[in-house]
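Geometric and topological summary
Letter by letter, the chains look like this.
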Amino acid sequence: MSDNAESPTETQKDEPSTPQQPTEDSGMADDKKKIDVLLKAVGDTPIMKTKKWSVEKGRTVQSLSQFISRFLKMEANEQLFIYVNQSFSPSPDQEVGVLFECFGSDGKLVLHYCKSQAWG
Amino acid sequence: MAGRPTPGCLSDLEMESEEPTEVEMSSCFLDEETFCQCCQLLLQHSHSLCDGWSWEQVKGSEGYLRKTALGTGRTRCILDQQGNSSDQHQERTFSLSFHNDEDDEDDGAVCCIQEESSSSSVVQYEYHILYSCSYQTPVLYFRASTLEGRSLCLEEVWDSVHPNYRQRLQHRPWDTITQQEHPLLGQSFFVLHPCRTEEFMMPVLKAALEEHRQVNYIVTWLSVVGPVVGLDVPLSYCTQVPEPPHTPSSSPQPPSSSPQPPSSSPQPPSSSPQPPSSSPQPPSSSPQPPSSSPQPPSSSPQPPALGTKPG
């Protein structure tokens, strides 16, 4: 997984010369593995033209959420909600790879998203 | 409002197909009985995980879920005259409530403004999940203090909100998290405002309705609000915690019982109406003249979303 990228302290302990870039066919190939994510709009939230995305396993829900927000050109007062199985919302720190393993079907992870004027 | 379905009882909604719009509107609300059931189911899973939730009962009737946890937050410390603080990992930031303008240069004039540094530190959180009769939703109350026992101030709590929600919070902080008196304990707590709960619950509840399944309202709700304020909700809650049982208003639905005129049934619900889950009384056999459908025992006649609020 992207443990190395997300643990700067570990990187410092290692020799700086240790390449963090994975070699082509090393065991780190999994880091580059991507999963298919299908994004579905809920309600009157704008529908993305491209619904199917290939996302790195180590990417967080927050990162995906930011991406969708920018893609939809959302405003500062709007909040994006993402749902799994249309039954709960994953934590922003959750990795999409884990969600795929638990809730993926037919080789993809389906996420519903909804835009709202949250909290106010 | 004849024909209006009983709001707040999720399973009843499956029977009402005549007015889908109103059903959708009312499906976002949670009645107190279902709240308790959902909480108990969450609690069972929490025990199996040793996740720390407990049920606290107050005044013999109202209860709430409680959990303490350590998390991170951004706390302040005052800089000394040399601009140093005891914390090595300080950052110079200014909070939402301070203005970084020329006032700082005027040393003598505004003595109440102090330069502070904000740093990431360990924070002790205490979370309470209460039921709000006014909103007919759960509400998240919480306290936060440093390990030395100092309570965080509101600005520090705002600074500690998860980055995913920070932008929206900064846009309207006072609409998001404020301090209020805990309804049951009377102490000062931070509150995550519930007024928009229906907006983020709606997609889930609507989908569940269409697919003829139920969700555990509390688990779904907590999965959304928890991460905002540092409360981790392990994924297993979303897969392992069951939904509350159906209320016994299933198949044999006598027509007279379904549309109940809410305002004309001033039944004293505290006179033990059928508790939906524990006694499987078929609604048709219950000798209740005002309304024969198993009305969830909220403390007042089921208000439509606009109508008289209980309590």
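Residues numbered from 1 in each chain as written. Chains lettered and ligands numbered in written order. Predicted model: local features only at pLDDT ≥ 70, side-chain atom pairs only at ≥ 80, totals over all residues. Heavy atoms only, no water.

Applicable threshold: UniProt positions are given in the numbering used here, feature names are shortened, and annotations may be inferred rather than shown by experiment.
Chain A is annotated in an unreviewed UniProt entry as Ubiquitin-like protein ATG12 from Oncorhynchus mykiss. Here chain A is described in UniProt, under the heading Subunit (unreviewed entry), as follows: "Forms a conjugate with ATG5." The record held by UniProt for chain A lists under Function (unreviewed entry) the comment "Ubiquitin-like protein involved in autophagic vesicle formation."

**Quick word on the packing of helix H2 (residues 32-49) of chain B against helix H6 (residues 217-225) of chain B**
Working note: a packed helix pair is described by the angle between its axes plus the distance between those axes. All names here are of chain B. Definition in use: Think of each axis as a best-fit line through the C-alpha atoms, taken over the contacting stretch in the case of a helix, with angles from 0 to 180 degrees between the N-to-C directions. Strands here mean DSSP runs of E at least two residues long; helices mean DSSP runs of H or I at least four residues long; both are numbered from the N terminus. Angular relationships are summarised with four words: roughly parallel below 35 degrees, roughly antiparallel beyond 145, roughly perpendicular across 65 to 115, and oblique for the angles in between. It only takes one pair of heavy atoms within 4.5 Å for two residues to be counted as in contact. Each residue is assigned to one of three groups, with Ala, Val, Leu, Ile, Met, Phe, Trp, Tyr, Cys and Pro labelled nonpolar, Asp, Glu, Lys and Arg labelled charged, and all others, Gly among them, labelled polar.
Close contact between H2 and H6 brings their axes to 8 Å; oriented N to C, the two are set at 75 degrees. One element, H2, and the other, H6, form an angle in the roughly perpendicular class. Residues Phe35, Cys38, Cys39 and Leu42 of H2 lie in contact with H6, whose contacting residues are Tyr217, Ile218, Val219 and Leu222. Classifying every residue of the contact of H2 with H6 by side-chain character gives 8 nonpolar, no polar and no charged.

**Some remarks on a nonpolar patch on the surface**
Spelled out, the test is: What goes into a patch is any residue over 30% in relative accessible area without a salt bridge, connected to like charges within 9 Å or, for nonpolar side chains (Val, Leu, Ile, Met, Phe, Trp, Tyr), within 5 Å. Using the Shrake-Rupley algorithm and a 1.4 Å probe, accessible areas are obtained, with residue cover drawn only from the displayed protein chains. The working definition used for a salt bridge is a side-chain nitrogen of Lys or Arg within 4 Å of a carboxyl oxygen of Asp or Glu.
On the surface, a nonpolar cluster with roughly 290 Å² of combined accessible area is contributed by Leu70(B), Val122(B) and Leu147(B). Here Leu147(B) shows up in the loop between strand S5 (137-146) and helix H3 (154-160).

**Section: the pairing of strand S6 (residues 177-181) of chain B**
All names here are of chain B. Put simply, the rule reads: Two strands pair if DSSP finds at least two bridges between them.
Examined bridge by bridge, S6 and strand S7 (residues 188-192) share 5 bridges and lie antiparallel to one another. Across the sheet, residue Thr178 finds its bridge partner in S7, namely Val191. Linking S6 back to S7 in an antiparallel pair, the connection comprises 6 residues, with Gly186 at a positive phi of about 70 degrees.

**Points about the environment of Trp158(B)**
Residue and element names in this part refer to chain B. Under the convention used in this document: Here the term buried applies to any residue with accessible area under 20% of the maximum for its type, exposed to any over 50%, and partly exposed to those in between, with areas from a 1.4 Å probe on protein chains only. A 3.5 Å cut-off defines polar contacts: any pair of N or O atoms within that distance qualifies, except that in protein one atom must be a possible hydrogen donor and the other a possible acceptor, and neighbouring residues in sequence count only when both atoms are side-chain atoms.
Mapped onto the secondary structure, Trp158 falls in helix H3. Using a relative accessible area of 3% as the deciding quantity, one classes Trp158 as buried. The spacing of Trp158 and Val229 is 71 residues in sequence and 9.1 Å in space, taken between C-alpha atoms. Polar side-chain contacts of Trp158 include one of 2.9 Å to the backbone oxygen of Ile177.

**Notes on the packing of aromatic side chains**
Residue and element names in this part refer to chain A. Note the threshold: The rule is short: rings of Phe, Tyr and Trp, with Trp giving its six-membered ring, pair when the centres are within 6.5 Å, and they are stacked under 30 degrees, edge-to-face over 60, tilted in between.
Per the stated rule, a full pass over the model turns up 10 aromatic pairs over all chains. Ring centres 5.6 Å apart and planes at 85 degrees place the aromatic pair Trp53 and Phe71 in the edge-to-face group. Here Trp53 is found in strand S2 (residues 52-56), whereas its partner Phe71 is found in helix H3 (residues 61-71), with 18 residues between them in sequence. Pairing Phe67 with Phe71 gives two aromatic rings, centres 5.7 Å apart and planes at 50 degrees, and the pair type is tilted. Of this pair, Phe67 and Phe71 both sit in helix H3, 4 residues apart, which is roughly one turn of the helix. The partly exposed category is assigned to Phe67, whose relative accessible area is 23%.

**Observations regarding helix H4 (residues 163-171) of chain B**
Residue and element names in this part refer to chain B. Which entries qualify depends on this criterion: What the arc describes is the spread of directions from the helix axis to the C-beta atoms.
Burial in H4 covers these residues: Asn164, Tyr165, Arg168 and Leu169. The buried residues of H4 occupy an angular sector of 105 degrees when the element is viewed end-on, so they sit on one face. Pointing more than 90 degrees away from the buried face of H4 are the exposed residues Pro163 and Gln167.

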